[in-house]
Amino acid sequence: MKSEDMRFIGGPMDGRVLPVMVGATGQPPKTYEIPVPGEDDRPAVVHVYRRVPASVSQRLGVVRGWAYEYEPEGKPRGGPKWPWSKPDPR
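Analysis parameters
- Residues numbered from 1 in each chain as written.
- Predicted model: local features only at pLDDT ≥ 70, side-chain atom pairs only at ≥ 80, totals over all residues.
- Heavy atoms only, no water.
- Core = buried A, V, L, I, M, F, W, Y, C linked by side-chain atoms within 4.5 Å.
- Buried < 20%, exposed > 50% of the residue type's maximum accessible area, 1.4 Å probe, protein only.
- Contact = heavy atoms within 4.5 Å.
- Salt bridge = Lys/Arg side-chain N within 4 Å of Asp/Glu carboxyl O.
- Helix = DSSP H or I, 4+ residues; strand = E, 2+ residues; numbered from the N terminus.
- Pairing = 2+ DSSP bridges.

**Student:** Honestly, the nonpolar core in this entry has me stumped. Any pointers?
**Tutor:** Nonpolar side chains tend toward joint burial in soluble globular proteins. Formed by Met6, Phe8, Met13, Val20, Ile34, Tyr49 and Tyr68, the largest nonpolar core amounts to seven residues. Apart from residues no more than four positions distant in its own chain, methionine 6 is found in contact with Arg16, Val17, Leu18, Val20, Pro28, Trp66 and Tyr68.

**Student:** Can you help me understand the pattern of salt bridges in this one?
**Tutor:** Between side chains of opposite charge, a pair can form when the charged atoms approach closely. Throughout the structure, instances matching the rule amount to one salt bridge. Arginine 50 serves as the salt-bridge partner of glutamate 71, at 3.3 Å between the closest nitrogen and oxygen. One end of the pair, glutamate 71, is in strand S5 (residues 63-71); the other, arginine 50, is in strand S4 (residues 45-56), and 21 residues separate them in sequence.

**Student:** In this structure, what is going on with the pairing of S4? I would like to understand it.
**Tutor:** For a regular strand, side chains alternate in direction, first toward one face of the sheet and then toward the other. Here strand S3 (residues 31-36) runs beside S4; their pairing, made up of six bridges, is antiparallel. Considered in S4, the bridge of isoleucine 34 is made with histidine 47. When S4 meets S5, the two strands line up antiparallel, connected through eight bridges. Looking across to S5, one finds that valine 52 is bridged to alanine 67. Counted along the chain from S4 to the antiparallel partner S5, the turn is six residues long, and its residue glycine 61 has a positive phi close to 75°.

Honestly, it's all geometry; don't read function into it.
Structure, rendered in structure tokens:
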């Protein structure tokens, strides 16, 4: 499998660069979840990051790279967006 180095923005992983596996199309996943086990009697925490364009070319508007931005709510978006689905009440 191919991987690409991704920059993380915000949250506990701010400024770090990690290798992330890319799919068959060469794009990384839209969300990246980092599970952190709880210590003592605390529950486990999952940090959620969303994929955002790192840079866009001025002339054609093509995305040149991706980065992950911290999602403070920590809720991953679910499933495909169908035209007949109701909007998410978030």
